[in-house]
Amino acid sequence: MNAKLFDNPQQKLICVDSKGRETGKIVDRKTAHSSPGTKHLAIQVLLFNSKKELILHERPVKKVGGGVLDAPTTHVLQGETEEEAAHRCLKDEYGITEKIPVIVLGGFSYEKDYGDGTCENEFCLAAFAAFGGKISHSSEHALKIVNEPAKKVALEIGNGSGQYPVWLKETVKIVSNSKDGKKFFG
């Protein structure tokens, strides 16, 4: 069995259809990420600083989909709201304990098989927030923090860069096209 599947295997994830509607079922994280996977709900929070930079991190290789630059991403767990999941993620990955305003936008469905027994099969909500405080990242989730101009990241994604995961690419598209989010990409 792939060791990546044992990253929080006990978590209970909310099953959804390809449009993000809850099915009423719950699945454990290990099953959800074993190929071909079970569609479940996730959320990604693009975090911006005052310089219109995205605060990204190197995703550990030991995680499913690791080895790329990513933003805080998690599953929405059974019994948890989208906002609670976003705040839990910001705390776990970046050490942010303040309840900063998080704007949750629409989402997208995607699948990716990594060819090693692990996969992604998620409906991911796109969210964003601004933060000017100190980041104290967790090496379990974020190896190194990297601040990149949001405009540069969007351009690299548009040019087909492989340094970002598929979910970050889609989240950037949604946030950069939203009324409130596009100001960070100008």
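Residues numbered from 1 in each chain as written. Predicted model: local features only at pLDDT ≥ 70, side-chain atom pairs only at ≥ 80, totals over all residues. Heavy atoms only, no water.

1. Describing the overall build of the protein
Phase 1: Helix and strand content of the protein: four helices and nine strands.
Phase 2: Written out in order from the N terminus, the α and β elements of the protein read β-β-α-β-β-β-β-α-β-β-β-α-α.
Phase 3: Computed over the C-alpha atoms, the radius of gyration of the protein is 15 Å, within 12% of the 16 Å expected from 2.2 N^0.38 for a compact globule of 186 residues.
Phase 4: C-alpha extents for the protein along the principal axes are approximately 40 × 30 × 30 Å.
Phase 5: In the protein, buried positions account for 50% of the 186 residues. (Helix = DSSP H or I, 4+ residues; strand = E, 2+ residues; numbered from the N terminus. Rg over C-alpha atoms; globule rule 2.2 N^0.38 Å. Buried < 20%, exposed > 50% of the residue type's maximum accessible area, 1.4 Å probe, protein only.)

2. Observations concerning the packing of aromatic side chains
Phase 1: Tallied over the full model, the rule gives six aromatic pairs.
Phase 2: Between Tyr110 and Trp167 the ring centres are 6.1 Å apart and the planes differ by 35 degrees, which places this aromatic pair in the tilted class. You can see Tyr110 sitting in strand S7 (residues 103–113) and its partner Trp167 sitting in helix H4 (residues 166–176), a full 57 residues away along the chain. For the pair formed by Tyr110 and Trp167, the shared burial category is buried.
Phase 3: For the ring pair Phe128 and Phe184, a centre distance of 6.0 Å and an interplane angle of 70 degrees mean the geometry is edge-to-face. On the criterion of sequence distance, the pair formed by Phe128 in strand S8 (residues 119–130) and Phe184 in the segment after H4 is long-range, its members being 56 residues apart. Like Phe184, Phe128 is buried. (Phe/Tyr/Trp six-rings, centres within 6.5 Å; stacked < 30°, edge-to-face > 60°.)

3. Observations regarding the side chain of Glu120
Phase 1: Structurally, the position occupied by Glu120 is in strand S8.
Phase 2: The charged side chain of Glu120 is buried without a salt bridge, its nearest counter-charge being Arg59 at 4.7 Å.
Phase 3: One polar contact links Glu120 to Tyr114, side chain to side chain, over a distance of 3.4 Å. (Lys, Arg positive; Asp, Glu negative; His and termini not counted. Salt bridge = Lys/Arg side-chain N within 4 Å of Asp/Glu carboxyl O. Polar contact = N/O pair within 3.5 Å; in protein donor to acceptor, adjacent residues only side chain to side chain.)

4. Brief notes about the confidence of the model for the protein
Phase 1: Here the protein shows a mean pLDDT of 91. Residues at 70 or above account for 95%.
Phase 2: Strand S5 (residues 69–70) is the least confidently modelled element of the protein, averaging 90 in pLDDT, while strand S3 (residues 40–48) averages 98, the highest of any element. (pLDDT = per-residue confidence, 0-100.)

5. Quick notes on the environment of Cys119
Phase 1: Tracing the chain through its elements places Cys119 in strand S8.
Phase 2: The spatial distance from the C-alpha of Cys119 to the C-alpha of Ser178 is 29 Å, given a sequence separation of 59 residues.

6. Focus on the pattern of salt bridges
Phase 1: For the structure on display, the rule yields seven salt bridges.
Phase 2: The partner of Asp17 in a salt bridge is Arg21, with the nearest N and O atoms 2.8 Å apart.
Phase 3: The closest approach of N and O atoms between Glu148 and Lys152, which form a salt bridge, is 2.7 Å.
Phase 4: Take Glu148: its relative accessible area is 15%, and that puts it in the buried class.
Phase 5: Bridged by salt links that share partners, the residues Glu148, Lys152 and Glu156 form one connected network.

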